[in-house]
Amino acid sequence: MSASGGTKAIVAALAANLAIAVAKFVAFLFSGSSSMLAESVHSLADSGNQALLLLGGKKAQREATPQHPFGYGRERYIYAFLVSIVLFTVGGMFAIYEGIEKIEEPHPIEAWYWPVGVLLFAIIAESFSFRTAITESNELRGRQTWTQFIRRAKAPELPVVLLEDFGALVGLVLALGGVGLALATGNGVWDGIGTLCIGALLIVIAIILAAETKSLLLGEAAGTEEIEKINAALVDGVTVTRVIHMRTLHLGPEELLVAAKIAVEHDETASQVAHAIDAAEARIREAVPIARVIYLEPDIYRPEAAAK
C-alpha cells in the first residue's frame, strides 16, 4: 500500500481499537452496561475492519497476470466494501439488538466507575487516532471540504478510517450519555437507549461507506484536474491537433487507464504518427504519473463524426 493509502492512520486506529475493545469488555463484565458491550463489539469490529484494509492493501500489490492483465488494484475497493458490511452487521445490528433487549429488561448499572473511566480513556485514545487520520488526510485533501474529500478520494482507506474514528467518538459520547443518565435516574432504560443510538449511528456510517466504495468498485473516472492535464498533454499542436474523445478509468487508487481518440494531420506518415503517439504517452505520464495504461487511437478529425 502506498503512502496515500494511509497505512500510518490504519495502524494507529488498529492499535487504539484493540486496546479500547479489551478495556470496554472488562468494564461491561464489572458493570453489566449494555452500552459498554455494544461499544466493545463496535471497537472489535473496527479492529477487524482495519485488519481488512491492511490485507486489501497487501493483496493489491500483486503483479498482473494473464487472467488479470490490469492487476489487482481494485482489491482495496473490495476490502473497503467488506468493511461497510462488517460495520453494519457486527457493529450496528448487534447494538440495535442489545439496545432493544436492555430496554425490554432494564437493570441498574453496577460499579459505575468502570464504564465511566473506560469511556473517558477511550475518548482520549480515539482522539489521538482521529488526529492521525486527519493529519494524513490533510496531505491529500488540498482545498477540498471534508465531505468532498470523502466522496472524491480514490484511495478508500483514509475515508474509511476517518468515518470510523468519527463514528467511534460520537458513539463514545452517546455511550457516556446513556450510562450517565442511567446512573442519574437509576433507570437502566437510558443505557439501552444509548445503545440503540450507537447502533443507528453505525448503520448510517456503514451505508455511507457502502455507497462510496460501490462507486469505486463500479469504476470511476479521473478527477477534473487530472483530465484537464491529460487533455493538455495530448495536444502538441503539430501532429496531434485535438482530442476527439477520451475515457479514463481508475484500475486502482494509484493506477489510471487512459483511452483516447486523437486527431492527427491527414498528410502525416505512419512513422510520424507512431512517434507522435509515443511522445503524447510520455507527456501524459509526466503530467499525471498514475496514468499507467494508455491507449491512443489516431484519426482524422471530422466534425460530423465527432458529434456522434
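What you see as residue numbers is a count from 1 along each chain, following the sequence as written. In view of the model being predicted, local features appear only for residues whose pLDDT reaches at least 70, and side-chain atom pairs are presented and counted only at 80 or more, with totals across whole chains, interfaces and linings using the full set of residues. Calculation of side-chain values draws on the structure's entire complement of heavy atoms; hydrogens and water are dropped beforehand.

A. Layout of the pairing of strand S1 (residues 240–252). Examined bridge by bridge, S1 and strand S2 (residues 255–264) share 10 bridges and lie antiparallel to one another. Paired with His245 across the bridge in S2 is Lys261. Between any two strands, at least two bridges found by DSSP are needed for them to pair. Helix and strand assignments follow DSSP, with helices taken as H or I runs no shorter than four residues and strands as E runs no shorter than two, numbered in order from the N terminus.

B. Here's a closer look at the packing of helix H1 (residues 7–31) against helix H6 (residues 157–185). Think of each axis as a best-fit line through the C-alpha atoms, taken over the contacting stretch in the case of a helix, with angles from 0 to 180 degrees between the N-to-C directions. Orientation of H1 relative to H6, taken along the N-to-C sense of each, is 30°, at an axis distance of 10 Å. Here H6 runs roughly parallel to H1, going by the angle between their axes. Like other packed secondary-structure pairs, H1 and H6 cross with a definite hand, here left-handed. Between H1 and H6, the contacting residues are Ala9, Ile10, Ala13 and Lys24 on the first element and Glu157, Leu158, Val161, Asp165 and Leu172 on the second. When residues are sorted by character, Ala, Val, Leu, Ile, Met, Phe, Trp, Tyr, Cys and Pro go into the nonpolar class, Asp, Glu, Lys and Arg into the charged class, and all the rest, Gly among them, into the polar class. For the contact of H1 with H6, the per-class residue count stands at six nonpolar, no polar and three charged. Should an angle lie under 35 degrees it is considered roughly parallel, over 145 roughly antiparallel, and from 65 to 115 roughly perpendicular; all remaining angles are considered oblique. Handedness of a helix crossing follows the sense of rotation of the near helix relative to the far helix, less than a right angle counterclockwise being left-handed and clockwise being right-handed. Here a residue-residue contact requires only that any non-hydrogen atoms of the pair lie within 4.5 Å.

C. Molecular detail of the pattern of salt bridges. Should a side-chain nitrogen of Lys or Arg be within 4 Å of a carboxyl oxygen of Asp or Glu, the pair is scored as a salt bridge. Within the structure shown, the criterion is met by 11 salt bridges. Ionic pairing is found between Lys24 and Glu39, a salt bridge with its closest N-O pair at 2.7 Å. Highlighted residues: Lys24 in helix H1 and Glu39 in helix H2 (residues 34–59), separated in sequence by 15 residues. Here Lys24 and Glu39 have matching classes, each one buried. In this structure, Lys261 and Glu297 form a salt bridge, with 3.8 Å as the shortest nitrogen-oxygen distance. Placement of Lys261 in strand S2 and of Glu297 in strand S3 (residues 291–299) is noted, with a sequence separation of 36 residues between them. Remark: exposure states derive from per-residue accessible area (1.4 Å probe, protein chains only) relative to the maximum for the residue type, with buried under 20%, exposed over 50%, and partly exposed in between.

D. Representation of the packing of aromatic side chains. Stacked, tilted and edge-to-face pairs are distinguished by plane angle, under 30 degrees for stacked and over 60 for edge-to-face with tilted covering the rest, among Phe, Tyr and Trp rings (Trp via its six-membered ring) whose centres lie within 6.5 Å. Taken as a whole and judged by the stated rule, the model has five aromatic pairs. For the ring pair Phe30 and Trp114, a centre distance of 4.5 Å and an interplane angle of 5° mean the geometry is stacked. Here the residue Phe30 occupies a position in helix H1, and Trp114 occupies one in helix H4 (residues 113–141), the gap between them amounting to 84 residues. Exposure remark for Phe30: the relative accessible area of 45% places this residue in the partly exposed category. Accessibility expressed as a relative area gives 30% for Trp114, which makes it partly exposed. In this structure, Arg62 is placed above the aromatic ring of Tyr72, and the distance from its NZ or CZ to the ring centre is 3.9 Å. Both a distance and an angle decide whether a charge sits over a ring: NZ of Lys or CZ of Arg must be within 6 Å of the ring centre and within 35 degrees of the ring normal.

E. Expanded view of a nonpolar patch on the surface. Each patch is built from residues lacking any salt bridge and having more than 30% relative accessible area; the joining distance is 9 Å for like charges and 5 Å for nonpolar side chains (Val, Leu, Ile, Met, Phe, Trp, Tyr). Residue burial considers only the protein chains on display, and all accessible areas are found by Shrake-Rupley using a 1.4 Å probe. A cluster of nonpolar side chains, contributed by Ile103, Leu181, Trp190 and Ile193, occupies part of the molecular surface with about 300 Å² of accessible area. The topology assignment puts Leu181 in helix H6.

F. Spotlight on the nonpolar core. The nonpolar core is taken to be a set of buried Ala, Val, Leu, Ile, Met, Phe, Trp, Tyr and Cys residues, with the residues joined through side-chain atoms within 4.5 Å. Within the largest apolar cluster, 40 residues are counted, with the highest numbers of intra-cluster contacts made by Leu53, Val161 and Leu209. Of all the elements in the fold, those that place two or more residues in this core are H1, H2, helix H3 (75–104), H4, helix H5 (146–152), H6 and helix H7 (189–218). The biggest single contributor to this core is H6, with 10 residues. Those residues within four positions of Leu209 in sequence are excluded, and the remaining contacts are Val83, Ser84, Leu87, Pro159, Val160 and Leu163. Within the second largest apolar cluster, 21 residues are counted, among which are Ala222, Ala260, Ala291 and Leu296.

G. Representation of the sheet that holds S3 within the structure. Reading across the sheet, the three strands line up as S1-S2-S3 and stay open at both edges, with mixed pairing between neighbours. Of all strands in the sheet, those with a lone pairing partner are S1 and S3, marking the two edges. Ignoring strand direction, the axes of neighbouring strands in this sheet form an average angle of 15°. Inspection of the sheet shows S2 paired to S3 by eight bridges, in the parallel sense. Residue pairing in the sheet places Val258 in a bridge with Ile294 of S3. Strands S1, S2 and S3 of the sheet are contacted by helix H8 (residues 224–234), whose axis makes an angle of about 140° with S1.

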